[in-house]
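Next come the chains, spelled out residue by residue.
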Amino acid sequence: ASAIERLTYRNASRGDAFVQSGACDTLVALLSDNSDSMQYRAAKALLGISSSTAQNREAVIRADPIRPLVGLLRDGATMEIKTEAAAVLAQLLYRNSQAVEQAVDAGAIPLISSLLLDAIGAKTQSRALLVLSHIANVPSSTYRNAIMDNNAVVEHLVALLDSDDDNTTKSAARTLSSLTY
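A few points on the structure. Quick caveat: nothing in here was measured; it's all calculated off a predicted structure.

## Describing the overall build of the protein chain
Point 1. Each helix and strand counted, the protein chain has 13 helices and 0 strands in total.
Point 2. When its helices and strands are written in sequence order, the protein chain yields α-α-α-α-α-α-α-α-α-α-α-α-α.
Point 3. Taking 181 residues into account, the globule formula puts the C-alpha radius of gyration at 16 Å, and the protein chain, at 16 Å, falls close to it.
Point 4. In terms of overall dimensions, the protein chain has a C-alpha envelope of 45 × 30 × 30 Å along the principal axes.
Point 5. Expressed as a percentage of its 181 residues, the buried residues of the protein chain come to 50%.
Point 6. Sequence separation of at least 24 residues holds for 66% of the intrachain contacts in the protein chain that already meet a minimum separation of 6.
Point 7. Surface summary for the protein chain: the accessible area is close to 8600 Å², and the carbon and sulfur share equals 46%.

## With respect to helix H7 (residues 79-93)
Point 1. Compared with the 21 Å implied by 1.5 Å per residue over 15 residues, the 20 Å span of H7 between its first and last C-alpha is a close match.
Point 2. Three or more residues of H7 are buried, namely Ile81, Lys82, Thr83, Glu84, Ala85, Ala86, Ala87, Val88, Leu89, Ala90, Leu92 and Leu93.
Point 3. Next to the buried residues of H7 lie helix H4 (36-52), helix H5 (54-62), helix H6 (66-72), helix H8 (97-105), helix H9 (108-118) and helix H10 (122-136).
Point 4. Following H7 by one or two positions, Arg95 adopts a phi angle in the positive range, close to 50°.

## What to know about the packing of H7 against H10
Point 1. Viewed as axis vectors pointing N to C, H7 and H10 meet at an angle of 35°, and their least axial separation amounts to 8 Å. Crossing geometry of H7 relative to H10 is assigned as left-handed. Packed against H7, whose contacting residues are Met79, Thr83, Glu84, Ala86, Ala87, Leu89, Ala90 and Leu93, the element H10 presents Lys123, Thr124, Arg127, Ala128, Leu130, Val131, His134 and Ile135 at the interface.
Point 2. Partitioning the contact of H7 with H10 into residue classes produces 10 nonpolar, 3 polar and 3 charged.

## A closer look at the pattern of salt bridges
Point 1. Tallying each qualifying case throughout the model produces 2 salt bridges.
Point 2. Between Lys123 and Glu84 there is a salt bridge, with its nearest N and O atoms 3.8 Å apart. Residue Lys123 is located in helix H10, and its partner Glu84 is located in helix H7; the two are separated by 39 residues in the primary sequence.
Point 3. The buried category is assigned to Glu84, whose relative accessible area is 1%.
Point 4. For the salt bridge of Arg127 with Glu84, the shortest nitrogen-to-oxygen distance reads 2.8 Å. Here Arg127, found in helix H10, pairs with Glu84, found in helix H7; they are 43 residues apart in sequence, far enough to count as distant.

## Digging into helix H3 (residues 23-30)
Point 1. Residues of H3 that are buried: Ala23, Cys24, Leu27 and Val28. All buried residues of H3 project into a common sector of 135° when viewed along the axis, lining one side. Across H3 from its buried face, at more than 90 degrees, point the exposed residues Asp25 and Ala29.

## A few points about the packing of H10 against helix H13 (residues 166-180)
Point 1. As a packed pair, H10 and H13 sit with axes 9 Å apart at the nearest point and diverge in direction by 20°. By the criterion of interaxial angle, the relationship of H10 to H13 is roughly parallel. Of the two possible hands of crossing, H10 and H13 adopt the one that is left-handed. Two secondary-structure elements touch here, H10 through Ala122, Gln125, Leu129, Leu132, Ser133 and Ala136 and H13 through Thr168, Ser171, Ala172, Arg174, Thr175, Ser178 and Leu179.

## Digging into unusual backbone geometry
Point 1. If you check the backbone angles, Asp64 has positive phi at about 65° while not being a glycine.
Point 2. Looking at the secondary structure, you find Asp64 in the loop between H5 and H6.
Point 3. A relative accessible area of 48% means that Asp64 is categorised as partly exposed.
Point 4. Phi is positive for Arg95, which is not a glycine, with a value near 50°.

Rules of the game
- Along each chain, numbering runs from 1 in the same order as the chain's sequence is written.
- Confidence filtering applies because this is a predicted model: local features only for residues at pLDDT of at least 70, side-chain atom pairs given and counted only at 80 or more, and all residues used for totals across whole chains, interfaces and linings.
- Excluded from the side-chain calculations are hydrogens and water; all other atoms, namely the structure's heavy atoms, are used.
- Secondary structure is summarised from DSSP: a helix means a run of H or I of at least four residues, a strand means a run of E of at least two, and numbering begins at the N terminus for each.
- For this measure, only C-alpha atoms enter the radius of gyration; the expected value for a globule follows 2.2 Å times N^0.38, where N is the number of residues.
- The rule is simple: take the accessible area with a 1.4 Å probe, protein chains only, and divide by the maximum for that residue type; under 20% is buried, over 50% is exposed, in between is partly exposed.
- In this analysis, two residues are considered to be in contact whenever any of their non-hydrogen atoms come within 4.5 Å of each other.
- Per-residue and other accessible areas follow the Shrake-Rupley method at a 1.4 Å probe size, with only the shown protein chains counted as cover for residues.
- In a helix, the anticipated span is given by 1.5 Å times the number of residues less one.
- Every axis corresponds to a line fitted to the C-alpha atoms, with the helix fit spanning only the stretch in contact, and the corresponding angles, defined between N-to-C directions, vary from 0 to 180 degrees.
- In this scheme the handedness of a crossing depends on how the near helix is turned from the far one: anticlockwise by less than a right angle means left-handed, clockwise means right-handed.
- Charged means Asp, Glu, Lys or Arg here, nonpolar means Ala, Val, Leu, Ile, Met, Phe, Trp, Tyr, Cys or Pro, and polar covers whatever is left, Gly included.
- The rule for a salt bridge is simple: a side-chain nitrogen of Lys or Arg has to be within 4 Å of a carboxyl oxygen of Asp or Glu.
- It is the directions from the helix axis to the C-beta atoms whose arc is reported.
- Small angles under 35 degrees read as roughly parallel and large ones over 145 as roughly antiparallel, with 65 to 115 read as roughly perpendicular and the rest as oblique.

Right, here's the structure in full:
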């Protein structure tokens, strides 16, 4: 799985080859493996494939990874796995209201909100912010309201506006902007 990630990241032809081989279904199944290492590598590989082209992103979505990825955000997974799961979700939810709906139905909002609050580093915060931003950008105000109802998340987003990391500040501002839209 880690070799697939390295081979496919932003490489359309290699991503296409893995999609055509049926690798997406296998990688989605590995997200539920008992091995932390395998879960992490499967998430990284799905990120690599989905990052290569919009068509490959859609192929990954068709393999139905949303629920297992949201499942990796629950207690028990390492922060490293949660960070990668959030990265894949951010990639898959980008401008895809059906994927957002699946993620929300699977319980992503409180889990991503919790990840944002518990994040140890800028990388994890950034990925959680992207997921929240993509959810907030869907035309349905229901999703924005679900995020806004969590006062701790809104307060944390406001606090992140003073972050030392420019990317985190920009992501927090973008997410807050999407929530108030």
